[in-house]
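# Analysis of the macromolecular model
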Amino acid sequence: MPALRRLSRVDVRHLLLLRQHLTAAPVPDLLSVVRDLGCLQLDPISAVQRSHLLVLWSRLGTYDPAQVEHLLYRQRHLFEYWAHMASIVLTDDYPLFRHWMQRYPGGSPAGQRLRQFVADDAAAPASLQQHLLARLRVEGPLPAAAFEDQTRGGMDSSGWTSGRHVNKMLDYLWHSGAVMVAYRQGTQRFWDITERCLPPDTPTTTLSETDVVQQSAARAVRCLGVARSDHIRQHFTRGRYPGLPAALKTLVQAGTLEVVQVQHAGQPLPGTWYLHADDAAALEQMQAGAFQPKTTLLSPFDNLICDRHRLALLFDFEYRVEIYTPATRRRYGYYVLPILHGESLIGRMDVLRHRREQRLEIKATFAEAGAPDDAATVRSIRGAVEALAHFLGARSVQFGTLPPGWSRLAAD
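The text that follows walks through the structure, step by step, so that each part is easy to find. The structure presented is a predicted model; accordingly, all values stated were derived computationally and were not measured. Residue numbers here run from 1 along each chain, matching the order of that chain's written sequence. Note on the predicted model: pLDDT of at least 70 is required for a residue's local features to be given, and 80 or more for side-chain atom pairs to be given and counted; whole-chain, interface and lining totals, by contrast, use all residues. Note that water and hydrogens are dropped before the side-chain values are worked out from all heavy atoms of the structure.

Two strands qualify as a pair provided DSSP detects at least 2 bridges between them. Helix and strand labels come from DSSP, where a helix needs a run of H or I of at least four residues and a strand needs a run of E of at least two; each type is numbered from the N terminus. In spatial order, the strands read β2-β4-β3; together these 3 strands make up an open sheet with antiparallel pairing. Only two strands of the sheet have a single partner each, and these edge strands are β2 (40–41) and β3 (78–82). When checking whether two residues touch, look at their non-hydrogen atoms; a contact exists if any pair is within 4.5 Å. Orientation is described by axes fitted as lines to C-alpha atoms, over the contacting stretch for helices, and by angles from 0 to 180 degrees between their N-to-C directions. Taken strand by strand, helix α2 (residues 30–37) contacts β2, β3 and β4 (86–90), and its axis lies near 115° from that of β4. Across the sheet, helix α4 (residues 66–74) is in contact with β3 and β4; its angle to β3 comes to roughly 80°.

See the structure below:
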């Protein structure tokens, strides 16, 4: 057997950042970025901007967010579904997600309770599920709120009459593939039946579970650059990798994946690490010095940092979303953006956008221990902040507390 390819943590970071389009290398079009990321997590909080739009800004720089809606709700190259969380995913990947739609809600205790909810509704004199689907077929896209008056007045006998049950049933129909998000007004979703939401050229291949897991695992490794099985399980189709060890073995035997060794401080990191064969040349280029560093800010839900254990292992960066932590117990702030500088995460900023005032407030900035504070680094961070302000349409930037070495960030 040939010797295992040996990678340093720096090699892994460089390839990961290249695959995530977080370097200064030329960036492809928006759709290609989404394809390489696999998914964009959706989150309703917009203290700065909606998360999926920030994720794209970190990679593309200033762009028109209307492009995302155009790809989602007009061209239908993308759709909303559950990936590693509620996400935007590729229509080309519909066969992977349809497999899990057809098996929803699964056999967990929560799944069993949901099955009972649906079964009870089906047995009721007036089925909420059939009522929702019938109205959507006749009337077209509707928000959940459109069903409230009808269910209160005409469906008392079903037992599922509150807005909570309407939302629960719509969520079930979404997860099981019967309905999709046709479009949004703000954060409000308008639902429609699936066949009207998918373009005619949507792939309809029926895949076996073995094929689904193999394809999803290979996609996850490409998105992550180099990954262990526990990283794969947390990415792309999170929690939906039954039989993953066998799938990885098959992918290695087929030459799709290569087993590699990752070392740090002269010692191999634990676990079996996998590299996608299509990325071997890019890895070798990174090892030869082709890495092009970039400085930018990241969404709290960025694909680079969504797996906190992997983040700590590869970047020595501990990150926790404190949005739901009481203000008095927050360590860093409400909406905190990590600072990526080259191959390292060197700090974080608590950021708030004041839309009416067209002002971007950096409430507090924190530097990691040992973070560089030379003039070039500070200029790069300031440049990233100004680029974010430009993207958001903010005319001014206000800095709050700053680390001593980064005080020049507030210089005019």
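Here we take up the nonpolar core. One finds Ile232, Leu297, Met349, Leu360 and Leu388 to be the most contacted residues of the largest nonpolar core, which totals 99 residues. When residues of this core are assigned to their parent elements, the largest contribution, 8 residues, is made by helix α15 (residues 375–392). Side-chain atoms within 4.5 Å link the members of a nonpolar core, which is a set of buried Ala, Val, Leu, Ile, Met, Phe, Trp, Tyr and Cys residues. Only protein chains enter the accessibility calculation, which uses a 1.4 Å probe; a residue is then buried when its area is under 20% of its type maximum, exposed when over 50%, and partly exposed in between. Among the nonpolar cores identified, the runner-up in size contains 29 residues, and Leu7, Val226, Ala282 and Tyr332 belong to it.

With an omega of 15°, the peptide bond running from tyrosine 104 to proline 105 counts as cis. Inspection of the secondary structure assignment puts proline 105 in the loop between α5 (94–101) and α6 (109–123). Phi is positive for glutamine 358, which is not a glycine, with a value near 50°. For glutamine 358, the position within the fold is in the loop between β13 (344–354) and β14 (359–367).

Take α6 next. The end-to-end C-alpha distance of α6 is 21 Å, a good match for the 21 Å that 15 residues give at a rise of 1.5 Å each. Listed as buried for α6 are Gly111, Leu114, Phe117, Val118 and Asp121. Projected down its long axis, α6 shows its buried positions confined to an angular sector of 115°, all on one face. Exposed residues pointing more than 90 degrees away from the buried face of α6 are listed as Pro109, Arg113 and Ala123. Expected span, for any helix, means 1.5 Å times one less than how many residues it has. Of all possible arcs, the one meant is that of the directions from the helix axis to the C-beta atoms.

The disulfide criterion used throughout: a pair of cysteine sulfur atoms within 2.5 Å. The final tally for this structure, using the stated rule, is 0 disulfides. There is no disulfide at cysteine 223, and the cysteine sulfur nearest it, in cysteine 39, is 7.1 Å away. Take cysteine 223: its relative accessible area is 1%, and that puts it in the buried class.

Counted residue by residue, β3 has 4 buried out of 5 residues, so it is predominantly covered. The pairing of β3 with β4 spans 5 bridges and is antiparallel. What sits directly across from leucine 78, in β4, is leucine 90. Where β3 folds back onto β4 in an antiparallel hairpin, the turn is made up of 3 residues.

This is a description of form; function is not addressed.
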